[in-house]
Amino acid sequence: MKARERLLQVKDIYDHPQTEADFIEAIRDVVNIQSEHNDFYHRLLAQKNFEPAQLKTAADLAQVPLIHATFFKYYVSLSIPEDQIVEHATSSGTSGQKSQMFFDQDSWDYGQAMVKQQFAYHGFLSNEPTNYLLYTYELVGGSELGTAKTDQGLLQYAPVNESFFALRYNGHDHEFDFWGTLECLKSYEQQGRPVRIFGFPSFLYFTLKQMKTLKIPPLKLHPDSMTMLGGGWKGYADQQISKMELYQLVEEMLGFSEKNCRDGYGSTEHSVPYFECANHQFHIPIYSRLIVRDVASLAPLPDGVAGFANFITPHLLSVPGISVLMGDLVSKHPGAECGCGISAPFMKVLGRAGTSKAKSCAIAASELLKG
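- Per an unreviewed UniProt entry, the protein chain goes by the name Acyl-protein synthetase LuxE domain-containing protein and belongs to Enterococcus pseudoavium.

Description of the pairing of strand 4 (residues 130-137)
Argument step 1. Among the eight residues that make up strand 4, eight are buried, leaving the element largely enclosed by the rest of the structure.
Argument step 2. As paired elements, strand 4 and strand 5 (residues 160-169) share six bridges and run parallel to each other. Its bridge partner lying in strand 5, L133 is registered against F164.
Argument step 3. With five bridges connecting them, strand 4 and strand 7 (residues 195-199) associate as parallel partners. For L134, the partnering residue across the bridge sits in strand 7 and is F198.

Remarks on the sheet that holds strand 4
Argument step 1. On the basis of which strands lie adjacent, the open sheet formed by seven strands has the order 6-5-4-7-8-9-10 and mixed pairing. The open sheet has two edge strands, strand 6 (174-176) and strand 10 (274-275), and neither has a second partner.
Argument step 2. Pairing analysis gives two bridges linking strand 9 (residues 261-265) to strand 10, with the strands arranged antiparallel. Each residue of the ladder has a partner; that of G264, found in strand 10, is F275.

A short note on the nonpolar core
Argument step 1. Counting 55 residues, the largest nonpolar core has I27 and M347 as its most contacted members.
Argument step 2. Ranked by residue count, the leading element in this core is helix 2 (residues 16-37), at six residues.
Argument step 3. With residues near it in sequence (within four places) discarded, I27 still touches L55, L61, V64, I312, T313, P314 and I322.
Argument step 4. If you look at the next biggest cluster of nonpolar residues, it comprises 34 residues, including I197, F206, L221 and Y247.

Points about the environment of K186
Argument step 1. Among the secondary structure elements, K186 is positioned in helix 7 (residues 178-191).
Argument step 2. In sequence terms K186 and K220 are 34 residues apart; their C-alpha atoms lie 9.1 Å from each other.
Argument step 3. If we ignore the near neighbours within four places in the chain, the residues touching K186 are I216 and L219.

Overview of the side chain of S77
Argument step 1. Examined against the element boundaries, S77 turns out to sit in the loop between helix 4 (71-74) and strand 2 (87-90).
Argument step 2. Taking the relative accessible area as the measure of exposure, S77 reaches 11% and is therefore buried.
Argument step 3. Here the side chain of S77 touches N38 through a polar contact of 3.0 Å, side chain to side chain.
Argument step 4. Setting aside residues up to four positions removed in sequence, S77 forms contacts with N38, F40, F71, S318, V319 and P320.

Section: the environment of Y205
Argument step 1. Of note, Y205 is situated in helix 8 (residues 201-213).
Argument step 2. Note: C-alpha distance between Y205 and Q240 (35 residues apart in sequence) is 8.8 Å.

Things to note about the side chain of D263
Argument step 1. Structurally, D263 can be placed in strand 9.
Argument step 2. Of the side chains with opposite charge, K243 comes closest to the buried, unpaired D263, at an N-O distance of 4.4 Å.
Argument step 3. Residue contacts for D263: discarding those within four places in its chain leaves M228, L229, G230, K243, Y247, Y274, F275, E276 and F282.

Thoughts on the pattern of salt bridges
Argument step 1. Taken as a whole, this structure holds seven salt bridges when the rule is applied.
Argument step 2. Here R4 makes a salt bridge to D106, at a shortest N to O gap of 2.7 Å. Here the residue R4 occupies a position in helix 1 (residues 2-7), and D106 occupies one in helix 5 (residues 105-121), the gap between them amounting to 102 residues.
Argument step 3. Given a relative accessible area of 0%, R4 falls into the buried group.
Argument step 4. In this structure, the salt-bridge partner of D22 is R6, at a minimum N-O distance of 2.7 Å. With D22 in helix 2 and R6 in helix 1, this residue pair connects regions lying 16 residues apart in the sequence.
Argument step 5. By relative accessible area, D22 is classed as buried at 18%.
Argument step 6. According to the relative accessible area criterion, R6 is partly exposed, its value standing at 36%.

Section: the layout of surface pockets
Argument step 1. Its boundaries defined by the atoms lining it, the second largest pocket holds a volume of some 310 Å³.
Argument step 2. Taken together, 15 residues make up the lining of the second largest pocket; nearest its centre are A58, R289, L290, I291 and K332.
Argument step 3. Every element with two or more residues in the lining of the second largest pocket is listed here: helix 2 and strand 12 (289-293).
Argument step 4. Here the lining of the second largest pocket gets four residues from one element, more than from any other, and that element is strand 12.
Argument step 5. Per-class residue counts for the lining of the second largest pocket are 11 nonpolar, one polar and three charged.

Quick look at helix 7
Argument step 1. Between its first and last C-alpha, helix 7 extends 20 Å over 14 residues, near the 20 Å set by a 1.5 Å rise per residue.
Argument step 2. Taken residue by residue, helix 7 has F178, G180, T181, L182, C184, L185 and Y188 as its buried positions.
Argument step 3. Packed against the buried residues of helix 7 are strand 4, strand 5, strand 6, strand 7, helix 8 and helix 9 (243-254).
Argument step 4. Just beyond helix 7, the residue with positive phi is G192, at close to 75 degrees.

Remarks on helix 2
Argument step 1. Helix length check: helix 2, at 22 residues, gives a terminal C-alpha distance of 29 Å against a target of 32 Å (1.5 Å per residue), a fit within 8%.
Argument step 2. Helix geometry: helix 2 is bent most strongly at D22, by close to 30 degrees.
Argument step 3. Of the positions making up helix 2, those classed as buried are H16, T19, D22, F23, I24, A26, I27, V30, V31, Q34 and S35.
Argument step 4. The inward-facing, buried residues of helix 2 abut helix 1, helix 3 (39-47), strand 12 and strand 13 (307-312).

Cut-offs applied
- Residues numbered from 1 in each chain as written.
- Predicted model: local features only at pLDDT ≥ 70, side-chain atom pairs only at ≥ 80, totals over all residues.
- Heavy atoms only, no water.
- Buried < 20%, exposed > 50% of the residue type's maximum accessible area, 1.4 Å probe, protein only.
- Helix = DSSP H or I, 4+ residues; strand = E, 2+ residues; numbered from the N terminus.
- Pairing = 2+ DSSP bridges.
- Core = buried A, V, L, I, M, F, W, Y, C linked by side-chain atoms within 4.5 Å.
- Contact = heavy atoms within 4.5 Å.
- Polar contact = N/O pair within 3.5 Å; in protein donor to acceptor, adjacent residues only side chain to side chain.
- Lys, Arg positive; Asp, Glu negative; His and termini not counted.
- Salt bridge = Lys/Arg side-chain N within 4 Å of Asp/Glu carboxyl O.
- 1 Å grid on protein atoms, 1.4 Å probe; cavity = no way out; pocket = protein on both sides within 12 Å on 5 of 7 lines; lining within 4 Å.
- Points joined across faces, edges and corners; volume = space filled by probe spheres on them.
- Nonpolar A, V, L, I, M, F, W, Y, C, P; charged D, E, K, R; others polar.
- Expected span 1.5 Å × (residues − 1).
- Bend = angle between axes of the 7 residues up to and from the residue.

Here it is as structure tokens:
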């Protein structure tokens, strides 16, 4: 699997032309590995008459048999022995089936390396002691929530001075602690250290909105402070504001530049991280490829047309998550349309398709705000 490892050695994490051959080889390698170690995936390949040798160009990636993200809500399909599982993450909906993802040490380390490479590329690695505000679930012993694990993992890219979870565990459930969050922010302002704010954008918005409602004076956090948000506004679409409105509100009420405000995209079922560029677009890193598919026929669609997101990655060895069809509606665009200087294509996330009552982690989190 040398091609898969070589992808992690490339500093320009958006250089698709330089890495295309390695990416295709890595997909071939991982398809072979999954076929050898996973009976379900082996049968799927046979049913679709797919051979890894068919993969010769980027256009051939659309032939890789896909698995719908919903599969991981109902089935555990391991490609490794159970005793090799080192991490088990679940989506955090409060009702309905939860997606589960399992990681062996290699897959977990690979995921951590992808995140670190993106932090480095965007200039957010730091050696300065930093304070953290996490708009996510306070970790409890044995917690497997994917969002909590993700945000906890982000603490490693700048040394932790202090950290605070806005969704506090009360012994039975998690609840949003506005007053504790406000006191945390005031303390961080007085300390004068950089602050990193991670988690659900809805909670950040409600914090800032409540500050304005209560006529609490704006704070002035360290100029090197940043946000890395993710999870969307599902469940509060009627109160959602645009990303730029939120970023400008951050600049107004917390005192650091909107250029340091970034959104993140990821999921339990497809664990490759996507970071916004300085122009706030989600470019596709070299660790994955995006195919946008027609919602009826699942045929690949051209740039600019909305459809289901189908992500392809050689990331996981533990489960057959090579080609995953998401319920998210997206459109793909040439990198040049962004203007930030990154040549890789970018996606616009347009929303979640369907009317299922199954709740994502963002819906579950937003429910904590009710009342």
